[in-house]
Amino acid sequence: MSQYPALRLRRTRAAAWSRRMHAETVLTPADLIWPLFVTEGDAEEPITSLPGVSRWSVAGVAARAKEAAALGIPCVALFPNTPAGLRSDDGREALNPDNLMCRAIRAIKDAVPDLGVLTDVALDPYTSHGHDGIVDDAGYVLNDTTAAMLTDQALVQAEAGSDIVAPSDMMDGRVGLIRSALEANGHVNVQIMAYAAKYASGFYGPFRDAVGSRGLLKGDKKTYQMDPANAEEALREVALDVAEGADSVMVKPGLPYLDIIVRVKNAFEVPVFAYQVSGEYAMIEAAAACGAGDREALVMETLMAFKRAGCSGVLTYHAPLAARLLGA
């Protein structure tokens, strides 16, 4: 290999055109998925712990979907803030074909038929106790009972028009059950994006505010979400989900688990997505607000990190900002 001065690595960095030409990683609006929160009523509801993010009515979500399409964002992800009176111990509202989620799916498909819609498959927005599944008298989330209900929930969403069902619950075996049910009911092209490595993280707080579950949660989710200390276990989780029929897998949270993203991509060579979760978003906003960093630079650098680590795409609340910057 040549040595200095014959080799000057700064030569290719000296001009903007050359930096673009030599870039090893490329980020485009097509790499972004925009999470949206849907609520009852007509008014926009700003979320205090997520500055710049709001809950939207069904009509408001459809308008945001049009915005996403105009920006080149290929897919939105939906999360409902279920009214308190419809939450129950068994989360039965999740199976209502006219619930908030299903109405939002149909509204988006009416407004922007070619936009992808990803829907969350989990019971925490519907349960009165804030857990992702059905709990026994001791507060333990029952795996098989929950998985059966999640399968029915995924079918309801697919029938409403969801393009990607995304089980975020971390129950064992649910991907295989959902895949079998989708096939049996004619939804052969509905994708499954499995939250395959979802960690019991401290970064989820603002999200729980957004879907109204933070004050309801009894205990924690450590018996089903992953221990942040574990990496090998993440590979086992991904292997199971891929074998059961997942089309893509997700690592959540994002930046604290870049090592997991790299290992998953290298081990399985499947599409890997990251969720830049609410706490990560809020930290960037807080840093920008106090002058500790430039918002645009922080957003673009973190998104590039996900792509560099091997992600096919990223779920991020900064999607519209990033898309505008990339299209500028």
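Predicted, not measured: the structure shown is a model, and the values here were computed from it. (Residues numbered from 1 in each chain as written. Predicted model: local features only at pLDDT ≥ 70, side-chain atom pairs only at ≥ 80, totals over all residues. Heavy atoms only, no water.)

Some points on the packing of aromatic side chains
Applying the stated criterion across every chain yields a total of eight aromatic pairs. Relative to tyrosine 317, the ring of phenylalanine 37 lies with its centre 5.8 Å away and its plane at 15°, an arrangement referred to as stacked. Taken together, the residues phenylalanine 37 in strand β1 (residues 32-38) and tyrosine 317 in the loop between β10 (313-316) and α11 (319-327) connect sequence positions 280 residues apart. Across the pair, exposure class does not vary: phenylalanine 37 and tyrosine 317 are buried alike. Measuring from ring centre to ring centre gives 6.2 Å for phenylalanine 79 and tyrosine 275, while their planes differ by 45°; the resulting arrangement is tilted. (Phe/Tyr/Trp six-rings, centres within 6.5 Å; stacked < 30°, edge-to-face > 60°. Helix = DSSP H or I, 4+ residues; strand = E, 2+ residues; numbered from the N terminus. Buried < 20%, exposed > 50% of the residue type's maximum accessible area, 1.4 Å probe, protein only.)

Quick look at the layout of surface pockets
In this model, the largest pocket occupies a volume close to 290 Å³. Mapped by element, the contributors of at least two residues to the lining of the largest pocket are β1, β3 (54-56), α2 (58-71), α9 (278-289) and α11. Sort the elements by how many residues they give to the lining of the largest pocket and β1 lands first, with four residues. For the lining of the largest pocket, the residue count by class is eleven nonpolar, three polar and six charged. (1 Å grid on protein atoms, 1.4 Å probe; cavity = no way out; pocket = protein on both sides within 12 Å on 5 of 7 lines; lining within 4 Å. Points joined across faces, edges and corners; volume = space filled by probe spheres on them. Nonpolar A, V, L, I, M, F, W, Y, C, P; charged D, E, K, R; others polar.)

Considerations on unusual backbone geometry
With glycine set apart, most residues show a phi of negative sign, and most peptide bonds adopt trans. A cis amide bond links tyrosine 4 with the next residue in sequence, proline 5, at an omega value of 10°. One can find proline 5 in the segment before α1 (16-22). The omega torsion of the bond from lysine 252 to proline 253 falls at -5°, within 30 degrees of zero and hence cis. Checked against the element boundaries, proline 253 lands in the loop between β8 (248-252) and α8 (258-268). The phi dihedral of glutamate 269 falls on the positive side, at around 50°, and the residue is not glycine. The class of glutamate 269 is exposed, set by a relative accessible area of 68%.

Considering empty space enclosed by the protein
Throughout the structure, instances matching the rule amount to two cavities of 30 Å³ or more. In this structure, the largest cavity encloses a volume near 120 Å³. Forming the walls of the largest cavity are 15 residues, and the residues nearest its centre are Asp124, Lys198, Tyr204, Phe207 and Lys252. Contributions of two or more residues to the lining of the largest cavity are made by β7 (191-198) and α6 (205-210). Among the residues forming the lining of the largest cavity, the class breakdown is six nonpolar, three polar and six charged. The space that makes up the second largest cavity amounts to roughly 40 Å³. Together, Glu40, Pro80, Thr82, Pro83, Leu86, Glu93, Asn99, Leu100, Arg103 and Tyr126 line the second largest cavity. Classifying every residue of the lining of the second largest cavity by side-chain character gives five nonpolar, two polar and three charged.

A look at the pairing of strand β6 (residues 164-167)
Taking every second residue as pointing to the same face, both faces of β6 are buried, with Ile164 and Ala166 on one and Val165 and Pro167 on the other. Handedness of the strand β5 (residues 116-121)-helix α4 (residues 143-160)-β6 crossover: right-handed. Where β6 meets β7, two bridges bridge the pair, whose relative direction is parallel. Looking at the pairing, isoleucine 164 lines up with glutamine 191 of β7. Between the parallel pair β6 and β7, the chain is carried across by helix α5 (residues 174-184), and the sense of this crossover is right-handed. (Right-handed = clockwise from strand over helix to strand, strands pointing away. Pairing = 2+ DSSP bridges.)

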